[in-house]
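Understanding the architecture of this molecule
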Amino acid sequence: MIYQRDIATKCKFLLGQWKENLNLTNYEITKFEDTLNQLDFQINKLEKKELQISVHGRVGVGKSSLLNALIEKQIFPTDIINGNTKTSKSYKWDERFQGLNKVELIDSPGIDEINNSNKEKINFNSVLDTDLILYVIDSDITRVDMNSIEDLLRHNKPILIVLNRCDQWNRRETKLILSSVHRKLSFCKQKVKIALVSSSPRKAKIKPDGTIRSVKTIPKVDILKNELKDIIDQSGDFFLCINTLRIADRLYNLLKENRLLKKKKEAQNLIGRYATLKASGVALNPFLMIDLITGLAFDSSLIIQLSKLYGLEVGGPTARQLVKRLSFQNSLLGGVQIGIQITLNILKQIMIFAAPLTGGLSLAPTAPIAIAQAALAIHATKLIGRLAAYKFLMGTSRNDGRPRLMLNYLLKNNSDFRIMIGDFKFLTSSTEKNKNYLLP
Ligand SMILES: Nc1nc2c(ncn2[C@@H]2O[C@H](COP(=O)(O)OP(=O)(O)OP(=O)(O)O)[C@@H](O)[C@H]2O)c(=O)[nH]1
Ligand SMILES: [Mg+2]
């Protein structure tokens, strides 16, 4: 169990180890420069304990007003004269937080439902880089909101939903909006907490001449502000870790995919060579146990060689473990293969032992048996090579400090957050691209 205080130190240490073992080539350093820079920037934030919180949501829902209300200053432009937010802007929150040196609030342009441009993507990516997101809505959730929230969750972003403009709804209307939002977000594991605020409330005022004007009144964001401060105090470094691991995980996936694709041909040749060697060993060897032991040794050694080829270090014990796991998961590699090999071997041995009695005639059918055994060995080796490559892509062992494993561990052991945190495997699986083309 990692204690809250240790999280950042432990995460930094494991990531440092992991990064060192990546053995990046110059080509990879150039190709993945952006993600590497992003990771360094985030690791730097983790070291300096600087948290970034951003707002996200549709145009005009009150994102800038919310930030102004939280800091009690008019820093971010909101009104009609200043126009809506066009570029991101940040401001250091003037409050002290436990275990953090700085908390930055970042305003960003709204999601433009009409002009869905490239700018939108850039905006989304910069929001993704921040550690905690206040997702602002000003009425029921729309399709655009849903897509955006799902995207954020898919990226394991911690988000807090904030319903703004509550001054415009009466109690019954607010209740209706809330129940609809909850219904739409019911795919989340835990009931989503929605903060109710009025960042820049207005009130109708009758002027002496009888005309009605709407005037600004005092913002109501105190409950959210206290809650947010609480969350940052308790989990600030946790958010920093999640974001760092998320970026590290993305880099690792890009790297693995690139290595698998670049080395596909070499991997195929390597598997081919092993398959031939194993086939001749298994087919010629008349003693069953030696066949099976050689098979296991061959497969483990193939996995070690494959991991070296991909630049992903896998030691002997991990390789043997992987062979066993693969054999257990895949019937053709495990029991069935052994069963068929045993049957074929018994047949072969009976024929070999019967050779003197039959004047050598019984040796003739051992050839097709040996061929069948060889074919099975070749097939099994190719399968194990392919499955091993797939495991490399998806992650193999539990204790090598890989970002995804650390991320899952942290998310699993911190499920009691009052915010929505990704762990929505169905979202990932439904959009997971088919990666078969990368496999040897
Ligand atoms: N009645 C009412 N009006 C609000 C509230 N919050 C914001 N507004 C008004 O809504 C308008 C838009 O507010 P902004 O804060 O600029 O909205 P935004 O989401 O930052 O807009 P973009 O940057 O364009 O995406 C302004 O005129 C605000 O005064 C609120 O709680 N109640
Ligand atoms: Mg704005």
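The structure we're discussing is the one just above.
Residues numbered from 1 in each chain as written. Chains lettered and ligands numbered in written order. Predicted model: local features only at pLDDT ≥ 70, side-chain atom pairs only at ≥ 80, totals over all residues. Heavy atoms only, no water.

1. As for the overall build of the protein chain
What counts here: Helix numbers and strand numbers start at the N terminus; a helix is a DSSP run of H or I with at least 4 residues, a strand a run of E with at least 2. A 1.4 Å probe rolled over the protein chains alone gives each residue an accessible area, and that area as a share of the maximum for its type sets the label: buried under 20%, exposed over 50%, partly exposed in between. Contact between two residues is taken to exist if any of their heavy atoms lie within 4.5 Å; hydrogens are not considered. Note on areas: Shrake-Rupley with a 1.4 Å probe; residue coverage comes only from the protein chains shown.
Looking only at helices and strands, one finds 15 helices and eight strands in the protein chain. Counting every position in the protein chain, which comprises 440 residues, the buried fraction comes to 46%. A separation of at least 24 residues holds for 75% of the contacts in the protein chain among residues at least 6 apart in sequence. Of the accessible surface of the protein chain, which amounts to about 23300 Å², a share of 57% is contributed by carbon and sulfur atoms.

2. Some points on the environment of E266
With respect to the helices and strands, E266 occurs in helix 9 (residues 264-284). Through-space distance from the C-alpha of E266 to that of L309 is 8.0 Å; in sequence the pair is 43 residues apart.

3. Topic: the site of ligand 1
To keep things clear, this is the line we draw: Any residue with a heavy atom positioned within 4 Å of a molecule or strand is treated as near that molecule or strand. Two N or O atoms count as a polar contact when they lie within 3.5 Å, although within protein this holds only if one can serve as hydrogen donor and the other as acceptor, and sequence-adjacent residues are included solely when both atoms are side-chain atoms. In this classification, the charged set is Asp, Glu, Lys and Arg, the nonpolar set is Ala, Val, Leu, Ile, Met, Phe, Trp, Tyr, Cys and Pro, and all remaining amino acids, among them Gly, are polar.
As a matter of local geometry, ligand 1 sits amid 20 residues, with K63, S64, S65, N84 and T85 nearest to it. Within the side chain of S64, a nitrogen or oxygen atom sits 2.8 Å from an oxygen atom of ligand 1. At a separation of 3.1 Å, a nitrogen atom of ligand 1 approaches a polar side-chain atom of N164. Protein contact buries 91% of the 650 Å² of open area that ligand 1 shows by itself. Sort the elements by how many residues they give to the shell around ligand 1 and helix 4 (residues 63-71) lands first, with three residues. Taken together, the residues of the shell around ligand 1 sort by class into three nonpolar, 13 polar and four charged.

4. Some thoughts on helix 5 (residues 118-128)
One turn of an α-helix holds 3.6 residues; hence residues three or four places apart share an orientation. Cut-off, in case you're wondering: By definition, the arc is the one covered by directions from the helix axis to the C-beta atoms.
Those residues of helix 5 not exposed but buried are E120, N123, F124, V127 and L128. Looking straight down helix 5, one finds that the buried residues subtend no more than 140° of arc, so they occupy a single side. Among the exposed residues of helix 5, those pointing more than 90 degrees away from its buried face are N118, K119, K121 and I122. Looking at the buried positions of helix 5, the neighbouring elements they touch are strand 1 (50-57), strand 4 (132-137), helix 6 (143-154) and helix 8 (222-262).

5. Quick word on the side chain of R259
If you trace the backbone, R259 turns up in helix 8. By relative accessible area, R259 is classed as buried at 8%. Excluding residues that lie within four positions of it along the chain, R259 makes contacts with L22, N23, L24, E28, Y310, G311 and L312.

6. Re the pairing of strand 5 (residues 159-163)
Rules: Pairing between two strands requires that DSSP report at least two bridges joining them.
Counting buried positions along strand 5 yields five of five residues, so the element is predominantly enclosed. By the alternation rule, side chains of strand 5 split into I159, I161 and L163 and L160 and V162, which are all buried. Pairing geometry for strand 4 and strand 5, over five bridges, is parallel. Counted as the bridge partner of L134 is L160 from strand 5.

7. Details of the sheet that holds strand 5
To keep it simple, the criterion reads: To obtain each axis, a line is fitted to C-alpha atoms, and for helices this fit is confined to the stretch in contact; angles are then taken between N-to-C directions over 0 to 180 degrees.
The sheet built from six strands is open, its strands ordered 2-3-1-4-5-6 with mixed pairing. Two strands bound the open sheet, and with one partner strand each, they are strand 2 (89-92) and strand 6 (194-196). The mean angle between the axes of side-by-side strands here comes to 25°, regardless of whether they run parallel or antiparallel. Sheet analysis places strand 1 next to strand 3 (residues 102-107), joined by five bridges and oriented parallel. Within the sheet, the bridge partner assigned to E50 lies in strand 3 and is K102. Strand contacts of helix 4: strand 1, strand 2, strand 3, strand 4 and strand 5, with the helix running at about 150° to strand 3, the strand carrying the most contacts.

8. Focus: the pattern of salt bridges
Note the cut-off: Only one rule defines a salt bridge in this text: a Lys or Arg side-chain nitrogen within 4 Å of an Asp or Glu carboxyl oxygen.
With the rule as written, the count across this model stands at 10 salt bridges. Taking the shortest distance from any N to any O, the salt bridge between K225 and E72 comes out at 2.7 Å. Linking K225 in helix 8 with E72 in the loop between helix 4 and strand 2, this pair joins segments that are 153 residues apart in sequence. A residue is classified by how much of its surface remains accessible, and E72, at 62% relative accessible area, is exposed. Between D94 and K73 there is a salt bridge whose closest N-O contact spans 3.5 Å.

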